[in-house]
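Observations on the model geometry
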Amino acid sequence: MDGLTAVPIHITQVDASIIFNASSKTTEVIAEMQFEVGPDSGYPYFDLQQTITGALLDNAFISVADIEHHYFGGGSNTDLRVIEQWLVSGSIHTLTLTYSIEEPMSPNGQPPSWESGSTRLWFNILLSDLNPARYLESWIPSNLLFDMFPVNLDIQITNSNHSHVLLSNGIITGLENNHWKIDFPDTFASCSPLIIIGATDRVEQLTTDINLTGGVVLSLELLKRSSDVNLNLATAANILLTYLDDNHTSIGAYMHGNRYTAYLSSSSIHSMEYNGGTTSSMSALKHEVFHSWWARGMTPAYGDDGWLDEGWTSFNANGPIETAFDMSDVPVTLWYNNPFIRKTPNSLSNSSYTHGAGFFAGLASELGLSTLLSHMSGIYKDRLEQRYTTPEIEAELIRRSGKLELARYFDRFVYGFGNLPANTAPDVYLRDALNDNGTVPYNGVFWRSPDVWVRNADDGGSSHQNPESGQDNWFYARVHNRGNATARSFAVGFKIKTWAGTQFVYPDDWFPLTGATVGFNLEPGESKIVKARWPKEDIPPIGTHGCLLAVVYNSDDSSSDGAYIWEHNNLAQRNMSVVDLIADESILLPLWIGSQYSRDIQFHTLELLRPKQWLQLQVAITHKKSWVVKDIFRSYEKLKPSINFPERKAILELKAPPEIPLYGETVILQATKGSKLIIKSKKAQCLSRVPMQADLIKCGRSKNYLIRYELGRKVAFPIALRKAERRNVYLQLTAPKGAKAGTSMIIDIVQCDARGRVVGGISAQINIKNGKGKKS
């Protein structure tokens, strides 16, 4: 900014002394802001919309010219102050400011007012989301909405011969007449605090308890001007009870402690929401109360996100309806992807109240009203006291609904994206392997995608980690664009299967999604990494070995139903189990062969690929029910023609039976002594000369059986799968006896179809550790 590297901060605490002097009609402030520099070193930014007269940084004088406003690109009246001293990331500092409170520099603010000819004060903190820079920074040094921090205020009115009352959603401690202390918690943002001060003989108050459903007791603290004779506070309390309880039961529990604070008016005033409070006309009260859930229960992370809580609140307060989207309507921009925008859109072309409510009416038509209400309530309950962004809400709605196509409506009616020029389109894809350029079908090893992975923390790492239970983990995806147009937005869905599988079919195997995220502005030939939180409550138990599936969606580029991963470049999987074994130790990994969504009978082979250094690695397929193993071993015989083979190798020609999907061509059925029937065909090279390189073995004295692969680099056995058949088994891995600690190996189980195409597979990485093994 103006040649300075401006960096964000986290405010750890603000302490301020505010003295309203009734004699001089002035207000003097000494404010101390403690802060920590964020992850980047540079010149910290914050804001205060008053004229600073003196400043100290860590008790050293600095010029007020070194904390002036600079333009950050958020539009008019959105400048932020930059401290022109280079500070190191993570360092802790204290900025002390002195100034007189006057009308804020931000638009339409009002200074403290004194009754004419009197020492009576009226002060309304008067925060606003329709005017930029009109939150706490109007009066006190503050940060943008993304930050939360405690504020402690010492407020005093001097030289007044009138007593005053103070209404606030903070914790009030009365010190003496006209002198109070207010403490706001560290869950408050710059939009949260409510402060009203008025002369005792000019206001009327009511404090009363109300009972919400479930035994929740709230204290209502209400205030009005005495001159407002048309407003009865007791009547207002009953109305508030109805609104509060409706939201408490339909959205989620009231989260602002045991109080609700309101300054009310029978006529039109500036209505505004606060944490567990409001200043409101009675006509706007339902709208403002709803905001204690959406806006001040869940708070927008940036001013750019404010459209959403206004649109959702208007949709609910005005009576929710279903109105189908019309994709021929003019695009509407409600979100600009700009963190320095500091007001809610409210023009004729993009009103958060009308266009925003209309957008949710469209979602209600798409999902069903009750479903939409349920999803939004679930989002609220999952994210209490958290900041939300527009893309995060989009991603959550996609995850919960299983409808990636919701991105189309966000694109047009939130992000304002119109139609692309003719003959242009993005082609977004996830690589199946490092050499994958997005061309389909992909014929290599596609189950170890380098473009999807898991991290145990939000650390930006690019190597895959096994998930850690008991904590949040993170999904990552690297999305590419091989098209000739920018992917203006794209959505990525993640699905965790708690078992390894050789075949997955879109969309059935992907939904319901485990996680989702949204990205923007992916230029042709470029790639971007996006991430999604994997909540700790959704992490499978320790020891679970599964598969990560991913799909990328763009309004102009999506996957077709019924596609396998290798058939469409929008799909990817990471099907690798990582296990730690001692030499000669065994482990069982859940394995599903085939897919319940497969379209045909499948005559396939399951090939085992061992690393050259580990040809002695024992690999088998087993199950606790012996008939399952036997059925797999003999499955090929059940679907093949019945032919008696002589002792020696025999080759016979005959017409393929209808259940063999080779389009009725003449095939060669070949078998050797002790082997199973093999189909030999020009379209079945994979199966042309595959012997039965596995044995059906009974496990000692137990009744269990296993299919054990022969030793060697590449061995296989045939298997037949009926249409929509999926076989649930276990893959048994036994580390070699002589394996040295610290070594690692990767094996692959590859599923080939009758034409020789690789159609499925899994990988397992075995890390050898110290100790003495024990077979399972």
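Residues numbered from 1 in each chain as written. Predicted model: local features only at pLDDT ≥ 70, side-chain atom pairs only at ≥ 80, totals over all residues. Heavy atoms only, no water.

**Things to note about the overall build of the chain**
Cut-off, in case you're wondering: Each helix corresponds to a stretch of at least 4 residues labelled H or I by DSSP, and each strand to a stretch of at least 2 residues labelled E; elements are numbered beginning at the N terminus. Contacts are assigned to residue pairs that have any heavy atoms within 4.5 Å of one another. Per-residue accessibility takes into account occlusion by the displayed protein chains alone, with areas from the Shrake-Rupley method and a 1.4 Å probe.
Helix and strand counts for the chain come out as eight helices and 45 strands. Contacts spanning at least 24 positions in sequence make up 71% of the contacts within the chain whose residues lie at least 6 apart. For the chain, the exposed area adds up to about 31,400 Å²; of that, 48% sits on carbon and sulfur atoms.

**Brief notes about the side chain of histidine 375**
Rules: We call a residue buried when its accessible area falls under 20% of the maximum for its residue type, exposed when it is over 50%, and partly exposed in between, using a 1.4 Å probe and counting protein chains only.
Its location among the elements puts histidine 375 in helix α5 (residues 369-382). Looking at histidine 375, the relative accessible area reads 12%, which means it is buried. Those residues in contact with histidine 375 that lie beyond four places of it in its chain are Leu367, Leu397, Arg400 and Ser401.

**Side note on helix α4 (residues 354-367)**
Rules: Under the convention used throughout, the expected extent of a helix is 1.5 Å for every residue step, that is, one less than its residue count.
End to end, α4 covers 20 Å across 14 residues, agreeing with the expected 20 Å (1.5 Å per residue, within 8%). Among the residues of α4, Gly356, Ala357, Phe359, Phe360, Ala361, Gly362, Leu363, Ala364 and Leu367 are the ones counted as buried. Where the residues of α4 are buried, they touch α3 (306-317), α5, α6 (390-401) and α7 (406-413). Phi turns positive one or two residues past the end of α4, at glycine 368, with a value near 95°.

**Focus: the packing of aromatic side chains**
Heads up, the condition is: Stacked, tilted and edge-to-face are the three classes applied to pairs of Phe, Tyr and Trp rings, where Trp contributes its six-membered ring and a pair requires centres within 6.5 Å; stacked means planes under 30 degrees apart, edge-to-face means over 60, and tilted covers the rest. Either the NZ atom of lysine or the CZ atom of arginine qualifies as a charge over a ring when it sits within 6 Å of the ring centre and within 35 degrees of the ring normal.
Inspection of the entire model under this criterion finds 36 aromatic pairs. Ring geometry for tryptophan 307 against phenylalanine 360: centres 6.0 Å apart, planes inclined by 20°, an arrangement best described as stacked. Here the residue tryptophan 307 occupies a position in helix α3, and phenylalanine 360 occupies one in helix α4, the gap between them amounting to 53 residues. Judged by relative accessible area, phenylalanine 360 falls into the buried class, the value being 1%. Lying over the aromatic face of tryptophan 114, lysine 25 brings its terminal NZ or CZ to 5.7 Å of the ring centre. Sitting over the face of the ring of tryptophan 122, arginine 225 holds its NZ or CZ atom 3.7 Å from the ring centroid.

**Re the nonpolar core**
Heads up, the rule is: As used in this record, nonpolar core signifies buried Ala, Val, Leu, Ile, Met, Phe, Trp, Tyr and Cys residues forming a set joined through side-chain atoms within 4.5 Å.
Ranked by size, the top nonpolar core spans 84 residues in total, and within it Leu244, Trp294 and Phe359 carry the most contacts. Ranked by residues supplied to this core, first place goes to α4 with seven residues. For leucine 244, the contacting residues outside a window of four places in its chain are Ile210, Leu212, Leu218, Leu220, Tyr254, Tyr260, Val289 and Trp293. By size, the runner-up hydrophobic cluster in this structure holds 60 residues, among which are Phe35, Leu87, Leu97 and Tyr135.

**Description of the pattern of salt bridges**
Note the threshold: Each reported salt bridge corresponds to a side-chain nitrogen of Lys or Arg within 4 Å of a carboxyl oxygen of Asp or Glu.
Scanning all chains against the criterion turns up 24 salt bridges. Note that lysine 181 is salt-bridged to aspartate 183, the shortest N-O span being 2.6 Å. Since its relative accessible area comes to 21%, aspartate 183 is described here as partly exposed. With its nearest N and O atoms 2.4 Å apart, the salt bridge here joins arginine 400 to aspartate 382. Remark: aspartate 382 occurs in helix α5 and arginine 400 occurs in helix α6; sequence separation between them is 18 residues. A relative accessible area of 24% means that arginine 400 is categorised as partly exposed. Using a relative accessible area of 41% as the deciding quantity, one classes aspartate 382 as partly exposed. Residues joined in a network through salt bridges with shared partners are Glu115, Arg120, Asp201 and Arg202.

**Here we look at the pairing of strand β33 (residues 576-582)**
Basically, it comes down to this: Should DSSP find at least two bridges between two strands, the strands are regarded as paired.
In terms of burial, β33 is largely enclosed, as six of its seven residues are buried. Both β33 and strand β45 (residues 758-769) contribute to a ladder of seven bridges, which runs parallel. Residue aspartate 580 lies in a different strand from β45, and its bridge partner there is asparagine 767.

**Concerning the side chain of serine 106**
Defined as follows: Contacts described as polar in this section are N or O atom pairs within 3.5 Å, which, within protein, must combine one atom able to donate a hydrogen with one able to accept it, while residues neighboring in sequence count only if both atoms come from side chains.
Mapping serine 106 onto the fold places it in the loop between β9 (92-100) and β10 (113-114). A polar contact of 2.9 Å, which involves the side chain of serine 106, links it to the backbone oxygen of alanine 133. Not counting residues up to four positions away in its chain, the partners in contact with serine 106 are Gln49, Pro132, Ala133, Arg134 and Ser138.

**Description of the sheet that holds strand β7 (residues 69-70)**
Pairing within the open sheet is mixed, and its four strands lie in the order β1-β4-β8-β7. Looking at which strands have only one partner, the edges of the open sheet turn out to be β1 (6-7) and β7. Pairing of strand β4 (residues 43-46) with strand β8 (residues 80-82) involves two bridges; the strand directions are antiparallel. Across the sheet, residue tyrosine 45 finds its bridge partner in β8, namely valine 82.

**Quick notes on the environment of leucine 222**
Within the fold, leucine 222 resides in strand β18 (residues 216-225). Between the alpha carbons of leucine 222 and tyrosine 260 there is a distance of 8.3 Å; along the sequence they are 38 residues apart. Ignoring any residue separated from it by four or fewer positions in sequence, one finds leucine 222 in contact with Glu204, Gln205, Leu206, Leu233, Ala237, Leu240 and Ala262.

**Details of the sheet that holds strand β29 (residues 515-522)**
Just so we agree on the cut-off: Helix axes are fitted only over the stretch in contact, all axes being lines through C-alpha atoms; the angle between N-to-C directions runs from 0 to 180 degrees.
Ordered in space as β29-β27-β31-β32, the four strands form an open sheet in which the pairing is antiparallel. In this open sheet, the two edge strands, each paired with only one partner strand, are β29 and β32 (571-574). The average undirected angle you get between the axes of adjacent strands in this sheet is 20°. Against the sheet, α6 contacts β27 (487-497) and β29, and its axis sits at roughly 135° relative to β29.

**Here's the deal with the pairing of strand β5 (residues 52-57)**
Of the pairings in the sheet, the one linking β5 to β9 comprises five bridges and is antiparallel in character. The partner of glycine 54 across the bridge, within β9, is threonine 98. Two strands pair when backbone bridges link them, and β5 and strand β6 (residues 60-61) are joined in this way by two bridges, in the antiparallel orientation. Across the sheet, the residue bridging to leucine 56 is phenylalanine 61, located in β6. If you look at the hairpin formed by β5 and β6, you'll find two residues sitting between the two strands, and aspartate 58 has a positive phi there, around 55°.

**Digging into the packing of α3 against α5**
Spelled out, the test is: Roughly parallel means an angle under 35 degrees; roughly antiparallel, over 145; roughly perpendicular, 65 to 115; everything else is oblique. Two helices crossing with the near one rotated counterclockwise from the far one by less than a right angle form a left-handed crossing, whereas a clockwise rotation gives a right-handed crossing.
Two elements in contact, α3 and α5, have axes whose closest approach is 13 Å; the angle formed by their N-to-C orientations is 135°. Considering the angle they form, α3 stands oblique to α5. Considering how the two elements wind past one another, α3 and α5 form a crossing that is left-handed. Residues Trp312, Phe315 and Asn316 of α3 pack against Leu369, Leu372, Leu373 and Met376 of α5.

**Thoughts on α5**
The first and last C-alpha atoms of α5 sit 20 Å apart over 14 residues, in line with the 20 Å expected at 1.5 Å per residue. Every buried residue belonging to α5 is among Leu372, His375, Met376, Ser377, Gly378, Ile379 and Tyr380, and all of these are buried. Elements in contact with the buried residues of α5: α1 (233-250), α3, α4 and α6.

**So, unusual backbone geometry**
For the bond running from valine 440 to proline 441, omega is -5°, close enough to zero to count as cis. Relative to the helices and strands, proline 441 is located in the loop between β24 (428-429) and β25 (452-455). Notably, asparagine 159 is not glycine yet its phi reads approximately 60°, a positive angle. Positionally, asparagine 159 belongs in the loop between β12 (151-158) and β13 (164-168).

**Here we look at the environment of alanine 457**
If you trace the backbone, alanine 457 turns up in the loop between β25 and β26 (473-481). In this structure, alanine 457 is in contact with Trp474 and Tyr476, ignoring residues within four places of it in sequence.

**Structural notes on the layout of surface pockets**
Here is the rule we go by: Here a cavity denotes grid points, spaced 1 Å and computed from the protein atoms alone, that fit a 1.4 Å probe unable to get out, and a pocket denotes an open set having protein on both sides within 12 Å along at least 5 of 7 lines; residues with an atom within 4 Å of a point are the lining. Grid points are joined across faces, edges and corners, and a volume is the space filled by probe spheres set on the points. Polar here means any residue outside two lists: the nonpolar Ala, Val, Leu, Ile, Met, Phe, Trp, Tyr, Cys and Pro, and the charged Asp, Glu, Lys and Arg; Gly therefore counts as polar.
One number sums up the size of the largest pocket: a volume of about 1,100 Å³. Lining the largest pocket we find 39 residues, and of these Arg383, Arg387, Thr389, Glu392 and Trp474 sit closest to its centre. Among the elements of the structure, β23 (387-388), α6, β29 and β30 (527-534) are those that each provide at least two residues to the lining of the largest pocket. Per-element tally for the lining of the largest pocket: the top contributor is α6, with six residues. At six residues, the largest contribution of residues to the lining of the second largest pocket is made by β33. Classifying every residue of the lining of the second largest pocket by side-chain character gives 15 nonpolar, nine polar and five charged.

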